[in-house]
Amino acid sequence: MSLQCNLIQMMTLSLWICGLLCISLTGAHELKHFPKHFVVAKHNVANPVTLTCHTETNGPVTWMFDEDFLDFNGNIKQNGQNLSVSMVDKPMLGEYSCWRGGEMLSSTYLLLEADAKDVPDSFSIKHWAKSYDCNLSCEWIHEKQTAVRLGLGPDCKKGMKSCHWVSSDQPVHGRFHFELSHSLSPYTEESTMLQLTAEAIVDDYFIRKTFEFYLRDIIKPDSPQIGKCEKEGENLNVTVNAPSSWSTPQSFFSLEHQIEYVLQDNGKPGLSSSALIPKGTSKLRARSRDPLVLSNWSEWTPWKNVITGKKNQCKCKNTVKSCCPELPPEFLDNCKKKRKKNRNKAAQRSQTSFKENVQ
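Remember, predicted model here, so these are calculated numbers, not experimental data.

Q: Before we move on, can you summarise the pattern of salt bridges with the specific residues and values?
A: Where charged atoms of side chains with opposite charge meet at close range, the side chains can pair. Following the criterion strictly, the structure yields ten salt bridges and no others. For Arg-149, the salt bridge identified is with Glu-199, shortest N-O distance 2.9 Å. One end of the pair, Arg-149, is in strand 11 (residues 147-152); the other, Glu-199, is in strand 14 (residues 194-202), and 50 residues separate them in sequence. As far as burial versus exposure is concerned, Arg-149 and Glu-199 are alike and both buried. For Glu-190, the salt bridge goes to Arg-216, with nearest N and O atoms at 3.8 Å. Taken together, the residues span a long stretch of sequence, with Glu-190 in the loop between strand 13 (175-181) and strand 14 and Arg-216 in the loop between strand 15 (205-213) and strand 16 (225-232) at a distance of 26 residues. A relative accessible area of 17% places Glu-190 in the buried class. The network of salt bridges with shared partners includes Arg-149, Glu-199 and Arg-208.

Q: Could you give an account of the packing of aromatic side chains, with specific residues and numbers?
A: The relation between two aromatic rings is expressed through the spacing of the ring centres and the mutual angle of the planes. Per the stated rule, a full pass over the model turns up eight aromatic pairs. Three or more aromatic residues joined by ring pairs form one cluster here, namely Tyr-132, Tyr-187, Trp-246, Phe-252 and Phe-253. Positioned above the aromatic ring of Phe-34 is the side chain of Arg-149, whose terminal nitrogen or guanidinium carbon lies 4.2 Å from the ring centre.

Q: Can you explain the environment of Val-240? Please cite residues and give values.
A: Looking at where Val-240 falls in the secondary structure, it is placed in strand 17 (residues 235-241). What makes Val-240 buried here is its relative accessible area of 14%. Apart from residues lying up to four places away in sequence, Val-240 is in contact with Pro-224, Gln-225, His-257, Ile-259 and Ala-286.

Q: With reference to specific residues and values, describe the pairing of strand 21 (residues 281-289).
A: Summarising the sheet, strand 18 (residues 256-263) and strand 21 pair through eight bridges and their orientation is antiparallel. The partner of Gln-258 across the bridge, within strand 21, is Arg-287. The sheet contact formed by strand 21 and strand 22 (residues 304-306) spans two bridges and is antiparallel. By the bridge assignment for strand 22, Lys-283 is matched with Asn-305.

Q: Outline the sheet that holds strand 13, supporting the account with residue identities and numerical values.
A: Taking strand neighbours across the sheet as the criterion, the three strands line up as 9-10-13 in an open arrangement whose pairing is antiparallel. A strand with exactly one partner marks an edge of an open sheet, and here the two such strands are strand 9 (125-128) and strand 13. Each strand axis lies, on average, 20° off the axis of its neighbour in the sheet, ignoring direction. Pairing of strand 10 (residues 135-141) with strand 13 involves seven bridges; the strand directions are antiparallel. The residue of strand 13 that forms the bridge with Leu-136 is Leu-180.

What counts, and where the lines are drawn
Residues numbered from 1 in each chain as written. Predicted model: local features only at pLDDT ≥ 70, side-chain atom pairs only at ≥ 80, totals over all residues. Heavy atoms only, no water. Salt bridge = Lys/Arg side-chain N within 4 Å of Asp/Glu carboxyl O. Helix = DSSP H or I, 4+ residues; strand = E, 2+ residues; numbered from the N terminus. Buried < 20%, exposed > 50% of the residue type's maximum accessible area, 1.4 Å probe, protein only. Phe/Tyr/Trp six-rings, centres within 6.5 Å; stacked < 30°, edge-to-face > 60°. Lys NZ or Arg CZ within 6 Å of the ring centre and 35° of its normal. Contact = heavy atoms within 4.5 Å. Pairing = 2+ DSSP bridges. Axes fitted to C-alpha atoms, helices over the stretch in contact; angles between N-to-C directions.

Keep in mind that these numbers describe shape and distance, not what the molecule does.
Structure (structure tokens):
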């Protein structure tokens, strides 16, 4: 009988050790995503918070804190299967888990509500919308690996369970990127601000901050598309098209464009708010904005070389780097044939020269 009891004790101890190893490998204080269960407490408040053991079975449970068995005191009490914690301070923060028979039933993180002085200065969200469609983008830059999530609407502002939270993948160079959807109609005038709530966990501190803004105030189109450069008298007429991500119809959602150019003769730069720029331009780029609400300007397009002379128009095969007049479809085919012919002639000359040298 004694041997059987010892074997049971050894098996139970082995299960506990296995469980402890699993906890230690997860890194309790390095949260990179929001845990399934967490409780937020105020600092040193006598009113207790409850940590629930999420299990569907009855029976006694054992609570652990991070990697250790829990020491109960006046501020930490077990009520049935749950824990009651009061006067919460920094050393009490982390992962609490409930166990039965060597099996972890659930875990809950105890976090501390951050005071205004604890909120980092870098806790600000950069947000923008490429158009008046139903999506907006957000970015938060922070130097630490942090759990962050965003939500739109009053339910998220109140921290309700009905909020649809959007989480970010692991940050790239400290940048968390989010894509959110809203239900505003692009065809009606805005009367209600969007409410964007951000929640973050930084070093076991819980931070919530809400930003309110009109969609029109965060509009920033993608860079436009530069089309053709056609001679028009002493000027060039530049075709600039809206980006593919911009709202349609463009007769309703108009954009104004600005063209920056560099003159070929003296390298002097210039700006034009119309489609006309000087004929002697060597390169140009463009940006766009909504003229109705004076939105943010888009980013500049990459520079494009301007090609207008007939001698250089065969270089127009690369329209990504060049702005050219509209050419007939067979023009570039003829250029290709001409280049091939020139290469053949060059090869023949080289072969003839080699034979003469050998002789």
